[in-house]
Every structure is written in C-alpha cells, then in structure tokens.
Amino acid sequence: MSRLLIIALCSVLSFPTFADDVLNGEAQVTPSRLPLEELRAFAEIFERIRTSYVETVDDKTLLENAIHGMLSGLDPHSSYLGSEDFEDLRNNTSGKFGGLGIEVGIEDGFIKVVSPIDDTPAQKAGILAGDVIIKIDGSPVKGIGLTKAIDKMRGEPGSKIDLTILREGENKPLEISLNRAEIKITSVKQKLIDDRFGYVRITQFQENTGADIHKALQKLLDDSKQSLAGVILDLRNNPGGVLDAAVAVSDTFIDNGLLVYTQGRVTNADIRYQATVDTLMPDLPLIVLINAGSASASEIVAGALQDHKRAVVMGTQSFGKGSVQTVLPLNGEHALKLTTARYYTPNGRSIQAKGITPDIEVHQGKFTESSEAGYYKEADLEGHLSSEGKTDKPHEDEKTTQAERIQSDYQLNQALTVLKGMNILNNSENKAVIDETQDKASGA
C-alpha cells in the first residue's frame, strides 16, 4: 500500500512529530564515495527531459518530482510535503480540516479506503473500510497516483462529488454521491450502557486526546447511578494519529511499567515511554475493540493493554502499521516526512505488517430472530381450555428494545457480554480471567 493520507489531506497513520532538531543524533553509516556514475546518469536524464520532452517542464518541477520519487521508493509513509500538504498535516493534528473524512491508500493503482472517520460525509454515505475507489466524478483513477486522486477529491465545502466503488461481496460497482465538508473531528465520545457499564469511542488520536479521555471517563464515573462496573474502549476504524496521545491513553489504564518503545538508526529515535502513577482507572474491568481499520496509535494502545494483561482485546486483526514518521520542516513552507523508527509493544512485539491479534476473535454481524415455527404450544392443541382474566401484552418499549437489539452492533454486544461476565468476579480476580482468556487465545 502506498502513502496513506486523509482526504483534505494528510496521513494520520503516521505519528507526526514536529521537530527541527529531531535528527541531531547521527546514525552510524559506513563512509562511502558518492556514486559518480549514477549522478552522471541522473544529470543526463534531467537534461534529456528538459530538452526533449513533448512539453516544456521547468527545472523546479523536475527536481520536485525527483524528490517525490526518491522518498516514495523508501516505504509507503515517507513523503515530501509541499506547502499545501504541510499545512493540511498541521491542521489535521488539531482535529480540523476539509474534505470527505476517509483514510485512504493506493493498491494496484486504485485508491483503497483504510477507514472512514466517524460523523463525516464519507461515513454518513456508507463508505466502508476496504472499499476500492475506481472512479472520481466518472473519471478512472487507476494509474493517476495518490496525490492527483486526492486533488480530485478536494473541493469547497458543500460541493458534490461522485465516487464509483468496488466492494467485496457486491456483484457490480456502487455509485455513491456525497458533499464535501469541513471536517471537525471529536476525538473522544462516551456513553453509559446499562447504567453501570461505560462505552468510550476514540475516533482518532489528536494532541488533546489524552486530556479528553480523562474527561470522558470522569463523566462516566459521575453519571453512573451505581459505581461504574467496567468500560469498553472502542478503537475500531481508528486510523491512528499522535504517538504522545496513544501513550497518554495507555497511561490512563496502566499505572506502572513500559507502554511502548521505538528504535531507529538515529540516536534520538530510541525512546521508551513509561507509565506514570497518574492513572485514572488502573483496575476497572476493560474490553478493547479493534478491527482491520485500527492502525498505528490504536495498535499501540491495544498492544500495551494486552501485554500488561490489563484488558481483553476483542474483534478482528488490526491493520499492522508499526513505523514512526518524523516531520522535518525544510524552509517553513515545505517539509520532509521521513520514517525514522519502528515501534514495539512492551513485550517486544513488532506490529509492522502483522497487526494485533485479538484475544477473542469476533467478526461483525447482527442479531437475527430464530424461527420457532416447529414448536407446538398449548393453544395449538385441540380442545384446549380458554384463557380467563387479563392477557399479558408486550409493552411498546419492549418491542422497541427487541428491534434495536436485533439491529445493533454485534461486536459491541459481545464485548458487553464478556465485560458483564468479568464483573461477576471481584476485581482481584479480573487479571486471572484476562490471563486465562489470553492463554486460550494463544493456544497455551
């Protein structure tokens, strides 16, 4: 998969560390002479293009194209940021930008959706993780590159755009029309389930996510009619974001030990992040939900909680993005986004291209009513006695609850079931339950 960027646009799958001196430490590189033959070849190709290409191309464009090619050949996440892309990246980490609200990459020349972002035009229009965009406003996208495809999807808020999408399981392409909008992301949302159980959804890891999750959890504690009995942390379709935010969220539930560490060739890239005693919920039963759209910072949190046996991780295999990108401003308007390290979970697991394996695998689905047509009841028997007195009728709210339950979030309901089971035992036994769950999941 090629560079992953938010439409409007920037990559929240990367960890955008903004630093002028982050690379002050030097990597140990074996001294070598400049490749003179390759440099001569480059100069010759450069001159041939200038003089012989069918259209005139200025030197600045040629050099910028060379820079793009040099970086794109390294890995999917290293890139050269022009002034517009650099500004988009800075806006995105603060939680406000314009566009459709989807995380995308490139695969086999087509644009592939990594995940839609909650409460955005893309999510409301029904775009799903794994969808492949083959046309934009009727024009094919194969071969035009990610940057040009993104430019086509940009536009004024309120303007219409038509996408043609291939979706697994569908026999023919889907035509989806939606309107562009200014995207304002609410990083953390919370609500109570069954009065005693909390639900916290993190849509994206931004600079203020650590503080926001403290506020959300405190509100759940204040609003619960009885003492809060457990929490479900939903990281599904969360494409990642800021590394420090992932550390802060992990620290909210873990009160000691290593949370994550990074390793790279540059000295300053080797960093270890430790938990602090400032932990709001070190013991409360916890379930973490992940899926294929959970990437980067989401995987750091899930991996840390899993390694510390602090939570049961449920859902499906995560995305598998385990590298750290550093944003290096070049002249105030342009920047270099360079992969400088890999990150590892507390137990030394690299998630790169592997992802987090859930302790309990639960695929998304929905509840369906089973047929009871084959059963006989008293009323079916010939000569049965008639009923006397009042006949019970189901309340309307019971019918509504049943309908909502059937159409509800299957993974979330399964998580709530497990959380209630954990709560039956006292808190001192919860770690043993998690240990047993993870042992069974690993085949131990």
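Structure's up top.
Below is a short write-up of the structure. (Residues numbered from 1 in each chain as written. Predicted model: local features only at pLDDT ≥ 70, side-chain atom pairs only at ≥ 80, totals over all residues. Heavy atoms only, no water.)

1. Thoughts on the packing of helix α6 (residues 209–223) against helix α7 (residues 243–253)
Okay, so step 1: Relative orientation of the contacting elements α6 and α7 amounts to 30°, with a least axis distance of 8 Å. Taken together, the axes of α6 and α7 are roughly parallel relative to one another. Contacts from Thr209, Gly210, Ile213, His214 and Leu217 of α6 reach α7 at Ala245, Ala248, Val249, Thr252 and Phe253.
Okay, so step 2: Taken together, the residues of the contact of α6 with α7 break down into 6 nonpolar, 4 polar and no charged. (Axes fitted to C-alpha atoms, helices over the stretch in contact; angles between N-to-C directions. Helix = DSSP H or I, 4+ residues; strand = E, 2+ residues; numbered from the N terminus. Parallel < 35°, antiparallel > 145°, perpendicular 65-115°, else oblique. Contact = heavy atoms within 4.5 Å. Nonpolar A, V, L, I, M, F, W, Y, C, P; charged D, E, K, R; others polar.)

2. What to know about unusual backbone geometry
Okay, so step 1: Not every positive phi belongs to a glycine, and Ser296 is a case in point at roughly 60°.
Okay, so step 2: Along the chain, the position of Ser296 falls in the loop between β17 (286–290) and α8 (297–307).
Okay, so step 3: Residue Ala353 is not a glycine yet carries a positive backbone phi of 65°.

3. Focus: α8
Okay, so step 1: With 11 of its 11 residues buried, α8 lies for the most part within the structure.
Okay, so step 2: Where α8 is concerned, the buried positions are Ala297, Ser298, Glu299, Ile300, Val301, Ala302, Gly303, Ala304, Leu305, Gln306 and Asp307.
Okay, so step 3: Note on α8: the residue one or two positions beyond its end, Lys309, has a positive phi of about 55°. (Buried < 20%, exposed > 50% of the residue type's maximum accessible area, 1.4 Å probe, protein only.)

4. As for α6
Okay, so step 1: Here α6 contains 15 residues, and its C-alpha end-to-end distance of 21 Å stays within 8% of the 21 Å for a straight helix at 1.5 Å per residue.
Okay, so step 2: Looking at α6, one finds that the buried residues are Thr209, Gly210, Asp212, Ile213, Ala216, Leu217 and Leu220. The arc that holds every buried residue of α6, seen down its axis, measures 160°, which confines them to one face. The exposed residues of α6 that point more than 90 degrees off its buried face are Lys215 and Asp222.
Okay, so step 3: At its buried positions, α6 is contacted by β12 (188–193), β13 (197–202), β14 (230–234) and α7. (Expected span 1.5 Å × (residues − 1). Arc of directions from axis to C-beta.)

5. A short note on the packing of aromatic side chains
Okay, so step 1: The final tally for this structure, using the stated rule, is 2 aromatic pairs.
Okay, so step 2: Seen in terms of ring centroids, Phe42 and Phe46 are 6.3 Å apart; in terms of plane orientation they differ by 35°. Their pairing is tilted. Here Phe42 and its partner Phe46 are both found in helix α1 (residues 36–52), 4 residues apart, which amounts to about one turn of the helix.
Okay, so step 3: Look at Phe42 and you get partly exposed, because its relative accessible area is 43%. (Phe/Tyr/Trp six-rings, centres within 6.5 Å; stacked < 30°, edge-to-face > 60°.)

No statement about biological role is implied by the geometric values presented.
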